[in-house]
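Survey of secondary and tertiary structure
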Amino acid sequence: MMRISMSLPKKLLNEFDEVLKDRGYQSRSKGIRDALKDYIVRYQWMNEMEGERIGIIAVIYDHHYTGVMEDLADIQHEYRDYINAVMHVHMTDKYCLEVVVVKGDVGYIRNLTEKMMRLKGVEHVRLTSTSSGQHLDHD
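The residue numbering used here restarts from 1 in each chain and proceeds along that chain's sequence as written. The predicted origin of the model limits local features to residues at a pLDDT of at least 70 and limits the giving and counting of side-chain atom pairs to 80 or more, whereas totals for whole chains, interfaces and linings rest on all residues. To obtain the side-chain values, all non-hydrogen atoms of the structure were used and water was disregarded.

For Phe, Tyr and Trp, rings pair up if their centres lie within 6.5 Å, where Trp contributes its six-membered ring, and each pair is then called stacked (planes under 30 degrees apart), edge-to-face (over 60) or tilted (otherwise). This structure, assessed with the given rule, holds 1 aromatic pair. Centroid distance Tyr-82 to Tyr-108: 4.7 Å. Interplanar angle 15°. Geometry classified as stacked. Residue Tyr-82 is located in the loop between α3 (68-78) and β2 (83-90), and its partner Tyr-108 is located in helix α4 (residues 106-117); the two are separated by 26 residues in the primary sequence. Judged by its relative accessible area of 41%, Tyr-108 falls in the partly exposed class. Numbering goes from the N terminus for both helices and strands, where a helix is a DSSP run of H or I of at least four residues and a strand is a run of E of at least two. When accessible area is computed with a 1.4 Å probe and restricted to protein chains, residues below 20% of their type maximum are described as buried, those above 50% as exposed, and intermediate ones as partly exposed.

In structure tokens:
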């Protein structure tokens, strides 16, 4: 085993510790290992998708963070051929949620998702995706 050191905001660590307690973990290290494994599996799953997909990208961001709304809009304009709809929700005084409905080649959808993930001020991004539906027609 390798030892690492990391810095976390106190609130995030407290929330993580609560989850560990609720799930019955005896060790914070075990919880972190499991969380990292889940993160890696989700990343690998996203990279293994192929072909035409339809999906939803949920983006939570701090709308007070300078430039984040403009950056999100710029990315959405860049990928406008793959975006069918966008819904904006005011969650709190600080946070907003954008729900982006996407359809097209999964490579472009993956790039769009990862560009949004890398933005400063973005707190969380989740892609949920399925096939484009073409195989559902049985006629």
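For two strands to pair, DSSP has to find at least two bridges joining them. Both β2 and strand β3 (residues 95-105) contribute to a ladder of 7 bridges, which runs antiparallel. Looking at the pairing, Ile-83 lines up with Val-102 of β3. Linking two consecutive strands that pair antiparallel, namely β2 and β3, is a turn of 4 residues.

Below, the discussion takes up the side chain of Asp-62. By secondary structure assignment, the location of Asp-62 is in strand β1 (residues 52-62). Judged by its relative accessible area of 10%, Asp-62 falls in the buried class. Here the side chain of Asp-62 touches His-64 through a polar contact of 2.8 Å, landing on its backbone nitrogen. What makes two residues a contact is simply this: any of their non-hydrogen atoms within 4.5 Å. Among residues more than four places away in sequence, those in contact with Asp-62 are Val-68, Lys-94, Tyr-95 and Gly-121. Polar contact is the term for a pair of N or O atoms within 3.5 Å; when the atoms are in protein, one must be able to donate a hydrogen and the other to accept it, and sequence-neighboring residues count only if both atoms are side-chain atoms.

Now for the nonpolar core. Here is a general trend for soluble globular proteins: nonpolar side chains tend to be buried in one another's company. We call a set of buried residues a nonpolar core when its members are Ala, Val, Leu, Ile, Met, Phe, Trp, Tyr or Cys and they connect through side-chain atoms within 4.5 Å of each other. Among the nonpolar cores identified, the biggest contains 21 residues, and Ile-57, Val-59, Leu-72, Leu-112, Met-116 and Val-122 are the most heavily contacted of them. Sorting the residues of this core by element identifies β1, α3, β3, α4 and β4 (122-131) as the ones contributing at least two each. A per-element tally of this core places α4 first, with 4 residues. Residues in contact with Met-116, not counting those within four places in the same chain, are Ile-57, Val-59, Leu-72, Ile-75, Val-122 and Val-125.

Once that is clear, we can look at the packing of α3 against α4. At a minimum axis separation of 10 Å, α3 and α4 run at an interaxial angle of 170°. Our classification of the angle between α3 and α4 gives roughly antiparallel. Packed against α3, whose contacting residues are Leu-72, Ile-75 and Glu-78, the element α4 presents Leu-112, Lys-115 and Met-116 at the interface. An axis is simply a line fitted to the C-alpha atoms; with a helix, the fit covers only the stretch in contact. Between two such axes, the angle follows the N-to-C directions and lies from 0 to 180 degrees. For this classification, under 35 degrees means roughly parallel, over 145 means roughly antiparallel, 65 to 115 means roughly perpendicular, and everything else is oblique.

Quick look at helix α1 (residues 10-23) now. Helix span is expected to be 1.5 Å times the residue number reduced by one. Compared with an ideal rise of 1.5 Å per residue, which puts 14 residues at 20 Å, α1 spans 20 Å between its outermost C-alpha atoms and is within 8% of the ideal. The positive-phi residue at the C-terminal boundary of α1 is Gly-24, with phi of around 80°.

A cluster of nonpolar side chains, contributed by Ile-4, Met-6, Leu-8 and Leu-12, occupies part of the molecular surface with about 400 Å² of accessible area. Here Ile-4 shows up in the segment before α1. Judged by relative accessible area, Ile-4 falls into the exposed class, the value being 67%. Any residue with relative accessible area above 30% and no salt bridge may belong to a patch, with like charges joined within 9 Å and the nonpolar Val, Leu, Ile, Met, Phe, Trp and Tyr side chains within 5 Å. Note on areas: these come from Shrake-Rupley sampling with a 1.4 Å probe, and a residue is covered only by the protein chains present in the view. The salt bridge definition used is simple: a Lys or Arg side-chain nitrogen within 4 Å of an Asp or Glu carboxyl oxygen.

Inspection of the secondary structure assignment puts Val-125 in strand β4. Overall, Val-125 belongs to the buried group, its relative accessible area being 9%. Sequence separation between Val-125 and Thr-66 is 59 residues, and the spatial gap between their C-alpha atoms is 18 Å. In this structure, Val-125 is in contact with Ile-57, Ala-58, Val-59, Thr-113, Met-116 and Met-117, ignoring residues within four places of it in sequence.

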